[in-house]
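Each chain, written out:
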Amino acid sequence: MKSILVVVDMQNGFNRYDHMKKLADRVIKITNSNIFDCIIATRFINYEGSQYTKFLNWHRLIDQKDIDLISNIKYDKVVDKNVYTCVTPEFINMLKDINDQELPTHVFVCGADTDCCVLKIATDLFEQSIMPIVLTDYCLSNGGEESHKAGILAMSRLLGKKSLVPGEILEKSDIENIIEQRQY
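Notes on the structure in this doc start here. Note that this is a predicted model, so its numbers are computed, not measured.

**With respect to unusual backbone geometry**
Reasoning step 1: Note the cis peptide between A112 and D113, where omega equals -15°.
Reasoning step 2: As for its placement among the helices and strands, D113 is situated in the loop between β4 (106-112) and α5 (114-127).
Reasoning step 3: Residue Q101 is not a glycine yet carries a positive backbone phi of 70°.
Reasoning step 4: Mapped onto the elements of the fold, Q101 is located in the loop between α4 (89-98) and β4.
Reasoning step 5: Residue classification places Q101 among the exposed positions, given a relative accessible area of 57%.

Encoded structure:
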């Protein structure tokens, strides 16, 4: 079983506040630690006329500078999306390709925003019978701590507390221990 990390939307356009810059530093560290066999980075791409511009009057992540991933993040693959999730049939096939043609039993998830894209991607993985393992100390929300905590609370109800892992990940044995504790 390959260890796969999905790094959600760590993009310049989401890296505007001090707390998000601290998150970026943590995500850069974990992606450069050589702990995971494969790292997939997602990029949210907005456009004029999207549901986000029409219904939310949100016009960020339209220009290339905002869309670009933050500097120094390490990844093997990039998945572009224009909705909250990246979990599509093509994405599931990518996971199988990475994992020697088998559906992974679990996928690690981190990034932004806990209460939006992280929540949606983790839930969609769960609904595909893949246990999402959300590294909560490597997630935050542009909406602040309250939004982050709301996302964590929603995921604990939707996915179960076993899917939420606090704490720092320093070496490969840390993720091996996490997986061992979550055998089903």
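Back to the text.
**A few points about the packing of aromatic side chains**
Reasoning step 1: Summed over the entire model, instances satisfying the criterion amount to six aromatic pairs.
Reasoning step 2: Their ring planes at 55° and their centres at 5.9 Å tell us that F44 and W58 sit as a pair that is tilted. A residue pair is termed long-range when its members are at least 10 positions apart, and F44 in strand β2 (residues 38-44) and W58 in the loop between α2 (51-55) and α3 (64-67) qualify at 14 residues.
Reasoning step 3: By relative accessible area, W58 is classed as partly exposed at 24%.
Reasoning step 4: Taking the centre distance of 6.5 Å and the plane angle of 70° together, the rings of Y52 and W58 count as edge-to-face.
Reasoning step 5: Here the aromatic cluster, defined as three or more aromatic residues joined through ring pairs, consists of F14, F44, Y52, W58 and Y84.

**Structural notes on the sheet that holds strand β6 (residues 164-165)**
Reasoning step 1: Spatially, the six strands line up as an open sheet ordered β3-β2-β1-β4-β5-β6, and their pairing is parallel. Edge positions in the open sheet fall to β3 (77-81) and β6, since each of these has one partner strand only.
Reasoning step 2: Bridge count between strand β1 (residues 4-8) and β4: four bridges; the pairing is parallel. Each residue of the ladder has a partner; that of V7, found in β4, is C110.
Reasoning step 3: The strands touched by α4 are β1, β2, β3 and β4; relative to β2, the strand with the most contacts, the crossing angle is about 160°.
Reasoning step 4: Running over the sheet, helix α7 (residues 172-181) touches β4, β5 (131-140) and β6 and is turned about 120° from β4.

**With respect to the side chain of S147**
Reasoning step 1: Relative to the assigned elements, S147 resides in helix α6 (residues 145-159).
Reasoning step 2: Judged by its relative accessible area of 18%, S147 is buried.
Reasoning step 3: Once residues within four sequence positions are removed from consideration, S147 is found in contact with D115 and S141.

**What about the layout of surface pockets?**
Reasoning step 1: In this structure, the largest pocket encloses a volume near 240 Å³.
Reasoning step 2: Surrounding the largest pocket, F14, R16, F44, Y52, L56, W58, Y84, A112, D113, C116, C117 and N142 form its lining.

**With respect to the pairing of β2**
Reasoning step 1: The buried count for β2 comes to six of seven residues, which makes it a mostly enclosed element.
Reasoning step 2: Looking at chain direction, β1 and β2 are connected through four bridges and run parallel. Looking across to β2, one finds that L5 is bridged to I39.
Reasoning step 3: Since β1 and β2 lie parallel, the crossover through helix α1 (residues 18-31) that links them has a hand, and here it is right-handed.
Reasoning step 4: Looking at chain direction, β2 and β3 are connected through five bridges and run parallel. Bridged to R43 within β3 is D80.

Rules behind the numbers
Residues numbered from 1 in each chain as written. Predicted model: local features only at pLDDT ≥ 70, side-chain atom pairs only at ≥ 80, totals over all residues. Heavy atoms only, no water. Helix = DSSP H or I, 4+ residues; strand = E, 2+ residues; numbered from the N terminus. Buried < 20%, exposed > 50% of the residue type's maximum accessible area, 1.4 Å probe, protein only. Phe/Tyr/Trp six-rings, centres within 6.5 Å; stacked < 30°, edge-to-face > 60°. Pairing = 2+ DSSP bridges. Contact = heavy atoms within 4.5 Å. Axes fitted to C-alpha atoms, helices over the stretch in contact; angles between N-to-C directions. 1 Å grid on protein atoms, 1.4 Å probe; cavity = no way out; pocket = protein on both sides within 12 Å on 5 of 7 lines; lining within 4 Å. Points joined across faces, edges and corners; volume = space filled by probe spheres on them. Right-handed = clockwise from strand over helix to strand, strands pointing away.

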